[in-house]
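# Geometric and topological summary
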Amino acid sequence: MMLFTEALTFMIDLHSHSTISDGLLSPSALVQHAFSRGIKVLSLTDHDDVDGLKEADSESKLLGMHLIHGVEISVTWKKSTIHIVGLNVDSRNKTLLEGLASIREGRFERAKQMAASLDGVGIKGSLEGALKYAKSGILGRTHFARFLVEAGHAKDVKTVFKNYLVKGKPGFVEHTWTNLESALSWIRQSGGIAAIAHPARYDLGKNNLLAFLNEFKELGGEGIEVISGSHTTEQSLKFARIAAEFEFLASIGSDYHGPGISYREMGSLPKLPETCVPIWKNWNEVNALLN
Ligand code: AMP
Ligand code: MN
Ligand code: MN
Ligand code: MN
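Description of the structure in this document. (Residues numbered from 1 in each chain as written. Chains lettered and ligands numbered in written order. Predicted model: local features only at pLDDT ≥ 70, side-chain atom pairs only at ≥ 80, totals over all residues. Heavy atoms only, no water.)

Moving on, we get to the side chain of Arg-107. With respect to the secondary-structure elements, Arg-107 resides in helix H3 (residues 94-120). Residues in contact with Arg-107, not counting those within four places in the same chain, are His-47, Asp-48, Ser-74, Ile-138, Leu-139, Gly-140, His-175 and Trp-177. (Helix = DSSP H or I, 4+ residues; strand = E, 2+ residues; numbered from the N terminus. Contact = heavy atoms within 4.5 Å.)

So, in structure tokens, the structure goes:
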């Protein structure tokens, strides 16, 4: 199987973060950055929050870009954390907004426990420290990571995630996010389509991965990120095969978080393998922009 290489691919990016969650750029700065990298169709998919979409909308209208309203929902499935991207959601939908608010509350409770854990190894003031980096209602590990770098415990955010905040290390807290059924139902009720984010990043094992894919499909999940900023070529090809097998629509997303902390720069992802059916297949406005 061959990967396409034409420049067309670079015009669409359906997974990115702003300061509303754990990105470094404000929604409008993110849109400007995407524009400067040749992106015409962008989805802002902040973790568990849709608050950045209004600002991103205004900016993308100014620039003549198309913004897809998105969100990346944190889910716990059989003790594993899985991220589900919702695309084309109605960001005013009450069910979706209430669901996301409940996840954010859980995030804050987790953050207090993370701070207590770090306190236990002599790292004081991490809750306040992390909050300084959180511009909005989302408090996550990335904000703690930035504080740990600032406080001299690691040279960069990447290194933090080797020594802290992950299973078996200080600052890690087992957390239960929402369940798969709820996340998919919020996305569907708000008119959106669900895609499994960066599927190669989960440590599920073969049998559980298959069980997960089946359950996702049974619950109405339709899409999967075949191309992700965090995938190798082999991983993209593997998930292209899985997309074909499960008849999932294929998505592309950089998972951009800002300069210096992203897997990939925007506008530098490979194209979908030709066997894939793009998730934007029936999005007429998007196709008009891409063709
Ligand atoms: P949370 O949802 O608060 O548990 O944080 C998850 C976020 O942490 C991800 O979306 C990434 O932005 C970041 N993250 C997780 N693992 C790493 C890593 N190894 N290197 C850099 N960032 C990471
Ligand atoms: Mn993140
Ligand atoms: Mn994710
Ligand atoms: Mn993401």
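Picking up after the structure, the text goes on.
Time to look at the coordination of the manganese ion (ligand 4). Donor atoms from the polypeptide that coordinate the manganese ion (ligand 4) comprise His-15 (NE2), His-17 (NE2), Glu-72 (OE) and Asp-255 (OD), at 2.1 to 2.2 Å from the metal. Site description for the manganese ion (ligand 4): donor spacing in sequence, H-x1-H-x54-E-x182-D. If you look at the manganese ion (ligand 4) and the manganese ion (ligand 2), they sit 4.8 Å from each other. One end of the pair, His-17, is in the loop between strand S1 (12-13) and helix H1 (27-36); the other, Glu-72, is in strand S3 (residues 66-77), and 55 residues separate them in sequence. On the accessibility criterion, His-17 (0% relative accessible area) is buried. Judged by its relative accessible area of 0%, Glu-72 is buried. (Donors = N, O, S within 2.8 Å, 3.2 Å for Na, K, Ca; no water. Buried < 20%, exposed > 50% of the residue type's maximum accessible area, 1.4 Å probe, protein only.)

With that settled, the discussion passes to the pairing of strand S7 (residues 249-253). Every regular strand shows the same layout, with side chains that alternate between the two sheet faces. Burial within S7 is extensive, with five of its five residues counted as buried. Residue alternation in S7 divides its side chains into two sets, Leu-249, Ser-251 and Gly-253 and Ala-250 and Ile-252, and both sets are buried. Both strand S6 (residues 223-228) and S7 contribute to a ladder of five bridges, which runs parallel. Note on S7: the bridge partner recorded for Gly-223 is Leu-249. (Pairing = 2+ DSSP bridges.)

The full set of residues close to ligand 1 is Asp-22, His-47, Arg-107, Arg-110, Gly-140, Arg-141, Thr-142, Phe-161 and His-257. Contact between ligand 1 and His-257: an oxygen atom at 3.0 Å from a side-chain N or O atom of the residue. For ligand 1, whose accessible area on its own is 500 Å², the fraction buried by protein is 79%. Put simply, the parts of the chain that give the shell around ligand 1 at least two residues each are H3 and helix H5 (141-150). Of the residues that make up the shell around ligand 1, three or more belong to each of domain 1 (7-101 + 176-290) and domain 2 (105-163). (Near = heavy atom within 4 Å. Polar contact = N/O pair within 3.5 Å; in protein donor to acceptor, adjacent residues only side chain to side chain. Areas by Shrake-Rupley, 256 points an atom, 1.4 Å probe, with all protein chains shown as cover. Domains from an automatic or database assignment.)

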